[in-house]
Amino acid sequence: MSEPQPPYHHPVQLMKAYSSDLRSRIVKTYESETISQRALAQRFCVATSFVQKILKQYRETGSLAPKPHGGGHRAKLNGAQELILAELVEAKNDATLLELAELLAERTQLSVSPATVS
């Protein structure tokens, strides 16, 4: 039997960066043809903002490499704490979010807001 997953846990799928070949073709086309950024975006089926970003990046750094992902917010709960929360929800499935946050604090000594346990 697999470990229970917290009901609020949703896997995040990150979009992959555009290939360096596509980035290179966009810049080469822009440099070799008289073409607007909007038309360039339509030709390569990308957003105009992406064309603007890649051209600016190339002008300023000479690089076409994608920048590393910023990472976003760190999770407030680690895996063990998420499992404890899942157990609390299963044991007391009619508890309010505030009650769950308080129960979690009792079990883990970690104080979180009701929004964190939602």
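Just above, that's the structure.
Residues numbered from 1 in each chain as written. Predicted model: local features only at pLDDT ≥ 70, side-chain atom pairs only at ≥ 80, totals over all residues. Heavy atoms only, no water.

## Some thoughts on the environment of Ser36
Stage number 1. The residue Ser36 is located in the loop between helix H1 (20–32) and helix H2 (37–44) in this model.
Stage number 2. Within the structure, the side chain of Ser36 is placed 3.0 Å from the backbone nitrogen of Ala39, a separation counted as a polar contact. (Helix = DSSP H or I, 4+ residues; strand = E, 2+ residues; numbered from the N terminus. Polar contact = N/O pair within 3.5 Å; in protein donor to acceptor, adjacent residues only side chain to side chain.)

## Here we look at the packing of H1 against helix H3 (residues 48–61)
Stage number 1. Contact geometry for H1 and H3: axes closest at 10 Å, N-to-C directions at 80°. Looking at the two axes, H1 sits roughly perpendicular to H3. In this structure, H1 contributes Arg23, Ile26, Val27, Tyr30 and Glu31 to the contact, and H3 contributes Phe50, Val51, Lys53, Ile54, Leu55, Gln57 and Tyr58.
Stage number 2. By residue class, the composition of the contact of H1 with H3 is eight nonpolar, one polar and three charged. (Axes fitted to C-alpha atoms, helices over the stretch in contact; angles between N-to-C directions. Parallel < 35°, antiparallel > 145°, perpendicular 65-115°, else oblique. Contact = heavy atoms within 4.5 Å. Nonpolar A, V, L, I, M, F, W, Y, C, P; charged D, E, K, R; others polar.)

## Points about the packing of aromatic side chains
Stage number 1. In total, this model carries one aromatic pair according to the counting rule given.
Stage number 2. With centroids separated by 4.4 Å and ring planes inclined at 55°, the aromatic side chains of Tyr18 and Phe50 adopt a geometry described as tilted. Taken as a pair, Tyr18 in the segment before H1 and Phe50 in helix H3 lie far apart in primary sequence, 32 residues in all.
Stage number 3. With relative accessibility at 28%, the residue Tyr18 sits in the partly exposed group.
Stage number 4. For Phe50, a relative accessible area of 8% gives the class buried. (Phe/Tyr/Trp six-rings, centres within 6.5 Å; stacked < 30°, edge-to-face > 60°. Buried < 20%, exposed > 50% of the residue type's maximum accessible area, 1.4 Å probe, protein only.)

## Focus: H3
Stage number 1. Taking 1.5 Å per residue, 14 residues should reach 20 Å; H3 reaches 20 Å between its end C-alpha atoms and fits that length.
Stage number 2. Here H3 has its buried residues at Phe50, Val51, Ile54, Leu55 and Gln57. Taken around the axis of H3, the buried residues stretch over an arc of 160°, which confines them to a single face. Exposed positions of H3 whose direction lies more than 90 degrees from the buried face are Arg59 and Glu60.
Stage number 3. Gly62 occupies a position one or two residues after H3 and carries a positive phi of about 80°. (Expected span 1.5 Å × (residues − 1). Arc of directions from axis to C-beta.)

## Some remarks on the nonpolar core
Stage number 1. Ranked by internal contacts, the top residues of the largest apolar core, which has 13 residues, are Ile26, Leu40, Phe44, Val46, Val51 and Ile54.
Stage number 2. Of all the secondary-structure elements, those providing two or more residues to this core are H1, H2 and H3.
Stage number 3. Looking at which element gives the most residues to this core, the answer is H3, with four residues.
Stage number 4. When sequence neighbours within four positions are dropped, the list of residues in contact with Ile54 reads Arg23, Ile26 and Leu64.
Stage number 5. Judged by nonpolar contacts, the second largest core, of ten residues, contains Ile84, Leu85, Leu88 and Val117. (Core = buried A, V, L, I, M, F, W, Y, C linked by side-chain atoms within 4.5 Å.)

Functional significance is not addressed by these values, which are geometric in nature.
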